Amino acid sequence: MSRIVLITGGSRGIGAATARLAAARGHDVAISYRSEQALAEGLAESLAAETGQRVIAVQADTASVAGIERMFAEVDTRLGRLSHLVNNAGVTGRSSRLDAADPAVIRDCIDINVTGAILVAREAARRMATRHGGAGGSIVNISSVAARIGSPGEYVWYAASKGAIDAFTLGLARELATDGVRVNAVSPGLIATDIHARSTGDADRVERIRPNIPMQRVGLPAEIAETVMFLLSDAASYTTGAIVDVSGGR
Ligand code: NAP
């Protein structure tokens, strides 16, 4: 199997940490981003220089069908047939109670986190599945502990989006089980990335929640990336349909 991995939302945070580890472990890597072109291009260039792998950055809004199709066409042309996918791009939307939330924020979150992730996996399945002439592959969806906590008062719509990802992971894993494609999810707890200040608009969130984490600390993006890379790898060859918490016990 080739070792070509697409990481959606790879310009920052968990996606960027996963790109770093994937390139270091001998994958050619495509990172996608929505708007942070300089960050994404800079990361791709430095990872290529450090590891000798092919690393490219592709602009694509995963809320757009045309954007997703263009992203895959670019990966096909510049790297080749995809073998691994990390379905990571996601947003929370500005945090609030549901009764105060803007419908546009809710719709944007579902479009990106659910519909976008499902359409990205659809394109990946068409390239990986043996029934389509692929050589098999591995998909890791990034969920969240929000799926079982529910995130009341913060963003229940985001929790619902990740609950959908858990169900999707289980269903797609079973659908592709005889097509050589494994599908798993990682559910991060509270991880130190920009999502808290930039997406939720709640800059104090991390310090407020930290005391409720059994390990009493925030996780690092690299700690999520390690589990993602395990699930992508042949070391996880009998693991499919699993949803793995990486949450410090939360
Ligand atoms: P982040 O630091 O805010 O980074 C988000 C990434 O997604 C960026 O690369 C961003 O691109 C990209 N992105 C956002 N919307 C996009 C769109 N419509 N199309 C394409 N790319 C888009 O987030 P993170 O904390 O690393 O989160 C990554 C994943 O982990 C998400 O699915 C999130 O729900 C999940 N998660 C995070 C935590 C946590 O505590 N951090 C906990 C549980 C789950 P630009 O740079 O161009 O904006």
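Residues numbered from 1 in each chain as written. Predicted model: local features only at pLDDT ≥ 70, side-chain atom pairs only at ≥ 80, totals over all residues. Heavy atoms only, no water.

**Student:** What am I meant to see in empty space enclosed by the protein here?
**Tutor:** A water-sized probe, rolled over the atoms, reveals where empty space remains. As enumerated under the stated definition, the model contains 1 cavity of 30 Å³ or more in all. Taken as a whole, the largest cavity spans an internal volume of roughly 50 Å³. The wall of the largest cavity is formed by Asn 87, Asn 88, Ala 89, Asn 113, Ala 117, Asn 141, Ile 142, Lys 162 and Ile 165. Grouping the constituent residues of the lining of the largest cavity by class yields 4 nonpolar, 4 polar and 1 charged. (1 Å grid on protein atoms, 1.4 Å probe; cavity = no way out; pocket = protein on both sides within 12 Å on 5 of 7 lines; lining within 4 Å. Points joined across faces, edges and corners; volume = space filled by probe spheres on them. Nonpolar A, V, L, I, M, F, W, Y, C, P; charged D, E, K, R; others polar.)

**Student:** How should unusual backbone geometry be read in this particular structure?
**Tutor:** Generally, phi is negative for residues other than glycine and the peptide bonds are trans, each holding for most cases. Positive phi is not limited to glycine here, since Ser 151 has a value of about 50°. Relative to the helices and strands, Ser 151 is located in the loop between α5 (146–149) and α6 (156–175). Although it is not a glycine, Gln 216 sits at a positive phi angle of roughly 60°. Here Gln 216 lies in the loop between α8 (205–209) and α9 (221–232). Gln 216 gets classed as partly exposed once you look at its relative accessible area, which sits at 44%. (Helix = DSSP H or I, 4+ residues; strand = E, 2+ residues; numbered from the N terminus. Buried < 20%, exposed > 50% of the residue type's maximum accessible area, 1.4 Å probe, protein only.)

**Student:** In this structure, what is going on with the pattern of salt bridges? I would like to understand it.
**Tutor:** This model, assessed by the stated rule, comprises 17 salt bridges. Between Arg 198 and Asp 194 there is a salt bridge whose closest N-O contact spans 3.8 Å. Exposure remark for Arg 198: the relative accessible area of 47% places this residue in the partly exposed category. For Glu 223, the salt bridge is made with Arg 217, and the minimal N-O distance between the two is 2.7 Å. Classification of Glu 223 by relative accessible area gives partly exposed; the value is 30%. Via salt bridges that share partners, Arg 12, Glu 36, Asp 194 and Arg 198 belong to a single interconnected network. (Salt bridge = Lys/Arg side-chain N within 4 Å of Asp/Glu carboxyl O.)

**Student:** Where do I start with the site of the ligand in this structure?
**Tutor:** Within the structure, the ligand sits among 31 residues, and Ser 11, Ser 35, Asn 88, Tyr 158 and Thr 193 are positioned closest to it. For the ligand, a nitrogen atom lies 3.0 Å from a polar atom in the backbone of Thr 62. Ile 191 places a main-chain nitrogen or oxygen 2.9 Å from an oxygen atom of the ligand. Burial of the ligand by the protein amounts to 97% of the accessible area it has alone, namely 900 Å². Counting atoms within 2 Å of the grid points, the majority share of the ligand lands in the largest pocket. Contributing elements (two or more residues each) for the shell around the ligand: α1 (13–24), α6 and α7 (195–199). (Near = heavy atom within 4 Å. Polar contact = N/O pair within 3.5 Å; in protein donor to acceptor, adjacent residues only side chain to side chain. Areas by Shrake-Rupley, 256 points an atom, 1.4 Å probe, with all protein chains shown as cover. Sits in = over half its atoms within 2 Å of the grid points.)

**Student:** Looking at this model, I keep getting lost on the layout of surface pockets. Mind explaining?
**Tutor:** Approximately 970 Å³ is the volume found for the largest pocket. Lining the largest pocket are 46 residues, with Gly 90, Val 91, Thr 193, Ile 195 and Ser 199 positioned closest to its centre. Element by element, the count of residues in the lining of the largest pocket is highest for α7, at 4 residues. Of the residues belonging to the lining of the largest pocket, the class tally is 18 nonpolar, 18 polar and 10 charged. Along its surface, the second largest pocket is lined by 15 residues, and His 84, Arg 182, Leu 232, Ser 233 and Asp 234 are the ones closest to its centre. The set of elements that each furnish at least two residues to the lining of the second largest pocket consists of β5 (137–142) and α9. Here the lining of the second largest pocket is composed, by residue class, of 3 nonpolar, 8 polar and 4 charged.

**Student:** I would appreciate a short explanation of the sheet that holds β5 in the present structure.
**Tutor:** Strand-to-strand pairing in sheets goes through backbone hydrogen bonds, with the strands running parallel or antiparallel. Overall, parallel pairing links the 7 strands, which are arranged β3-β2-β1-β4-β5-β6-β7 in an open sheet. If you trace the sheet from one side to the other, it starts and ends with β3 (55–59) and β7 (243–246), each paired once. Strand after strand, the sheet turns through a mean of 20° between neighbouring axes, direction not considered. Alignment of strand β1 (residues 4–7) against strand β4 (residues 84–87), held across 3 bridges, turns out to be parallel. Each bridged residue has a counterpart across the sheet, and for Ile 7 the counterpart in β4 is Val 86. (Pairing = 2+ DSSP bridges. Axes fitted to C-alpha atoms, helices over the stretch in contact; angles between N-to-C directions.)

**Student:** I would appreciate a short explanation of the nonpolar core in the present structure.
**Tutor:** Grouped burial of nonpolar side chains is what soluble globular proteins tend to show. Counting residues in each nonpolar core, the largest one holds 31 residues, and the members touching the most others are Val 29, Ile 31, Val 186 and Val 228. It is α1 that provides the largest number of residues to this core, a total of 7 residues. Apart from the residues within four sequence positions on either side, Ile 31 is in contact with Ile 7, Gly 10, Ala 19, Ala 40, Leu 43, Ala 44, Ile 56, Ala 57 and Val 58. Core analysis: the second largest hydrophobic core is formed by 26 residues, Met 71, Ala 124, Ala 129 and Ala 173 among them. (Core = buried A, V, L, I, M, F, W, Y, C linked by side-chain atoms within 4.5 Å. Contact = heavy atoms within 4.5 Å.)

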